[in-house]
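Observations on the model geometry
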Amino acid sequence: MAIDDWPRGEGPREKLHLHGPGVLSDAELLAVVLRTGRRGVSALGLARALLERGGDLAGVLAMDAAALEAEPGVGSAKVAQLQAAVELARRSVEQQLRRADVMSSPRHTRRFLQHHLAARTREVFTCLFLDSQHRLLRCEDLFLGTLDGAAVYPREVAVRALQHRAAAVILAHNHPSGVAEPSHADRRITERLQAGLGLLDIRVLDHVIVGRGEAFSFAEQGLL
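Everything quoted here is computed from the prediction, not taken from an experiment. (Residues numbered from 1 in each chain as written. Predicted model: local features only at pLDDT ≥ 70, side-chain atom pairs only at ≥ 80, totals over all residues. Heavy atoms only, no water.)

1. A look at the pairing of strand β4 (residues 203-210)
This is how it is decided: Only protein chains enter the calculation, and the probe is 1.4 Å; a residue is then buried if its accessible area is under 20% of its type maximum, exposed if over 50%, and partly exposed in between. Each helix is a run of DSSP H or I of at least 4 residues and each strand a run of E of at least 2, with the numbering of both proceeding from the N terminus. DSSP calls a pair of strands paired once it identifies at least 2 bridges connecting them. Handedness rule for crossovers: strands pointing away from the viewer, path from the first strand over the helix to the second running clockwise, crossover right-handed.
A large share of β4 lies buried, amounting to seven of its eight residues. Note: strand β3 (residues 168-174) against β4, seven bridges, orientation parallel. Within β4, the residue paired with V169 across the bridge is V204. Note that the unit made of β3, helix α9 (residues 184-198) and β4 has a crossover that is right-handed.

Structure representation (structure tokens):
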């Protein structure tokens with residue numbers, strides 16, 4: 001059943017028009033993006049099946065294209081719609097960061113990093129390079145790891161910071177396990193990067209660890 005075929009007043013798209021997207025459940029929002037279901041299953045039913053398979057919305061968005069396309073009723077077009085929706089959200093928040101001092105809005109910074117990292121199935125170490133006014137110069141994924149971790153090389157971070165003429169950086173990485181608490185290794189690499197970049201007069205403003213639905217900030221916890 002397509003979204004357009006829902007009885008008047010019952011469809012998630014009409015509900016969105018009347019009350020705004022905030023009132024829709026995860027399944028209803030997915031149904032709006034998917035638009036259609038499959039034979040005998042509505043778009044909402046398909047969305048619920050995906051949520052059951054992925055565990056939650058973050059789990060669905062973390063599924064790779066092949067896994068999504070293997071689900072009955074989900075083809076390449078629907079996968080493209082989901083990927084485009086996620087990328088639109090990520091770019092929107094990134095553009096907001098480029099227009100202002102990122103430290104004046106830590107909520108936007110955290111939202112961007114969650115959009116950027118939460119759905120990754122492997123650990124990714126990212127750097128936000130900032131100018132002297134703490135405006136975003138560049139976001140780069142510097143190190144890609146396995147499910148267990150990423151090898152981080154402080155020298156490479158320093159080289160990239162100098163290339164971008166950065167005055168400050170925000171470090172970030174994800175925990176594919178979903179738990180955002182820092183490990184001993186996370187604390188150690190933060191200390192090493194803070195010390196090494198400090199010699200170049202480049203400040204480490206924060207290190208954000210992104211889990212599933214949550215994020216841990218070293219700065220907010222007084223660890224920097």
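2. Digging into the pairing of β3
Regular strands show a simple pattern: their side chains alternate between the two faces of the sheet. For β3, the buried fraction is high: seven of the seven residues fall into the buried class. Of the two faces of β3, the one lined by A168, I170, A172 and N174 and the one lined by V169, L171 and H173 are each fully buried.

3. Considerations on the environment of L29
The line we're drawing: By definition in these notes, contact holds between two residues if any of their heavy atoms fall within 4.5 Å.
With respect to the element layout, L29 can be found in helix α2 (residues 26-34). A relative accessible area of 31% places L29 in the partly exposed class. Here L29 is in contact with P21 and L24, once residues within four sequence places are set aside.

4. Description of the layout of surface pockets
As a reminder, the rule being used: Using a grid of 1 Å spacing that covers the protein atoms alone, one calls a set of points a cavity when a 1.4 Å probe fits there but cannot get out, and a pocket when the set is open and has protein on both sides within 12 Å along at least five of seven lines; lining residues are those with an atom within 4 Å of a point. Grid points are joined across faces, edges and corners, and a volume is the space filled by probe spheres set on the points.
Quantified by volume, the largest pocket comes out at close to 590 Å³. Taken together, 23 residues form the lining of the largest pocket, with L57, A58, L61, V86 and H115 sitting closest to its centre. Residue assignment for the lining of the largest pocket shows that the elements contributing at least two residues are α2, α4 (57-62), α6 (76-98) and α7 (106-117). The leading source of residues in the lining of the largest pocket is α2, at five residues.

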